[in-house]
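Spelled out, the chains give:
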Amino acid sequence: MDRTPRPSGCTETSLHCRWPASPRDITALRYELVRWAQDLDLPGHLAHAIGLAGYEALTNSVTHAYPEGTDGPVELHASRDHDLIAVTVIDRGRWKTPPPGRSMSDGRGLRLIRGLAGHVEVMATDEGTTVSMTWQLPNHLGFERSIA
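Residues numbered from 1 in each chain as written. Predicted model: local features only at pLDDT ≥ 70, side-chain atom pairs only at ≥ 80, totals over all residues. Heavy atoms only, no water.

The protein chain carries the name Anti-sigma regulatory factor (Ser/Thr protein kinase) in an unreviewed UniProt entry, which gives Amycolatopsis thermoflava as its organism.

Here you go:
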């Protein structure tokens, strides 16, 4: 049976997927995100940066959100509004307490996400974690116009 994620809501300017937070499924979500970004005619390096940042946030959900042996949902939302790309990853788990002497910000994933995206916000609550990433597109790419 093919378990490749299919966008539950996908338009020219948006992508919405909800899938189990498992390594196999988030890899497929990464490819879906890169494909979506490529369909926007973004430069290849930017489409792949968006895909990698999204994948790192998805990986954090798999690694940190749910107790070992369980998997809950992870949501991936991506949209373009004029010259702004926004990608949001949401889980319904709770961050695992880091080992003594470490903090949540010690990992490489969030540093990588912050290096790839123009702006990053992480909000962790008892109801889950939301990672919001945005990229401002250069005007010379012609993205300043509105898509109907």
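From this point on, the discussion continues.
(A) Structural detail: the confidence of the model for the protein chain. Looking at the protein chain, pLDDT values average 83 and 77% of them are 70 or higher. For the protein chain, per-element mean pLDDT is lowest for strand S1 (residues 9-11), which scores 52, and highest for strand S4 (residues 84-91), which scores 96. Taken as a whole, residues 1-7 scores under 50 in pLDDT and shows 16 contacts with residues more than four places along the chain or in a different chain. Scored below 50 in pLDDT, residues 143-148 makes 14 contacts in the model with residues more than four places away or belonging to other chains. (pLDDT = per-residue confidence, 0-100. Helix = DSSP H or I, 4+ residues; strand = E, 2+ residues; numbered from the N terminus. Contact = heavy atoms within 4.5 Å.)

(B) View of unusual backbone geometry. Residue Asp-41 is not a glycine yet carries a positive backbone phi of 60°. The phi dihedral of His-82 falls on the positive side, at around 55°, and the residue is not glycine. Along the chain, His-82 turns up in the loop between strand S3 (73-81) and S4.

(C) Here's a closer look at the packing of helix H1 (residues 23-39) against helix H2 (residues 44-65). Here H1 crosses H2 at 155°, and the two axes come no closer than 8 Å. Taken together, H1 and H2 sit at an angle that is classed as roughly antiparallel. In terms of crossing hand, the pair formed by H1 and H2 is right-handed. Touching Pro-23, Ile-26, Thr-27, Leu-29, Arg-30, Leu-33, Val-34, Ala-37 and Gln-38 of H1 are Ala-47, His-48, Ile-50, Gly-51, Leu-52, Gly-54, Tyr-55, Leu-58, Thr-59 and Val-62, all from H2. Per-class residue counts for the contact of H1 with H2 are 12 nonpolar, 6 polar and 1 charged. (Axes fitted to C-alpha atoms, helices over the stretch in contact; angles between N-to-C directions. Parallel < 35°, antiparallel > 145°, perpendicular 65-115°, else oblique. Left-handed = near helix turned anticlockwise from the far one by under 90°. Nonpolar A, V, L, I, M, F, W, Y, C, P; charged D, E, K, R; others polar.)

(D) Quick look at the pattern of salt bridges. What the rule picks out here adds up to 3 salt bridges. For Glu-75, the salt bridge goes to Arg-92, with nearest N and O atoms at 2.9 Å. Within this pair, whereas Glu-75 is found in strand S3, its partner Arg-92 is found in the loop between S4 and helix H3 (108-116), the two being separated by 17 residues in sequence. For Glu-75, a relative accessible area of 14% puts it in the buried group. Its relative accessible area of 44% is what places Arg-92 among the partly exposed residues. Linked by salt bridges that have partners in common, Arg-18, Glu-75 and Arg-92 make up one network. (Salt bridge = Lys/Arg side-chain N within 4 Å of Asp/Glu carboxyl O. Buried < 20%, exposed > 50% of the residue type's maximum accessible area, 1.4 Å probe, protein only.)

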